[in-house]
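Reading the structure
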Amino acid sequence: MKKYHLLDEDDDYFNEYADTVKYDLLKDRLHWQHQARKEIYLEYHFPDDECDFD
């Protein structure tokens, strides 16, 4: 299972990438998608200590 860790470094890298996009509409869409993905991840993320596999 692939885990996504949302770090400030990832945001910095994303911002650098988004700044290279030529069209503002696409740039806005990228920022919206990135923010939505972060919100969805945080909404459905739960710490490992909540898992009880015993």
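Use the structure listed above.
What you see is a predicted model; the values in this text were computed from it and never measured. (Residues numbered from 1 in each chain as written. Predicted model: local features only at pLDDT ≥ 70, side-chain atom pairs only at ≥ 80, totals over all residues. Heavy atoms only, no water.)

**Side note on the side chain of H34**
Checked against the element boundaries, H34 lands in helix 2 (residues 24-44). Residue H34 is classed as buried on the basis of its relative accessible area, which comes to 12%. Not counting residues within four places of it along the chain, the set of residues in contact with H34 comprises D11 and F14. (Helix = DSSP H or I, 4+ residues; strand = E, 2+ residues; numbered from the N terminus. Buried < 20%, exposed > 50% of the residue type's maximum accessible area, 1.4 Å probe, protein only. Contact = heavy atoms within 4.5 Å.)

**Looking at the environment of Q35**
Looking at where Q35 falls in the secondary structure, it is placed in helix 2. For Q35, a relative accessible area of 38% gives the class partly exposed. Considering only alpha carbons, one finds Q35 and D11, 24 residues apart in sequence, at a separation of 9.8 Å.

**Looking at helix 2**
Helix length check: helix 2 (21 residues) gives 30 Å between terminal C-alpha atoms against 30 Å at 1.5 Å per residue, within 8%. Of all the positions in helix 2, only K27, H34 and K38 are classed as buried. Projection of helix 2 onto a plane perpendicular to its axis shows the buried side chains occupying an angular sector of 35°, all on one side. Opposite the packed face of helix 2, turned more than 90 degrees from it, sit the exposed residues L25, W32, E43 and Y44. (Expected span 1.5 Å × (residues − 1). Arc of directions from axis to C-beta.)

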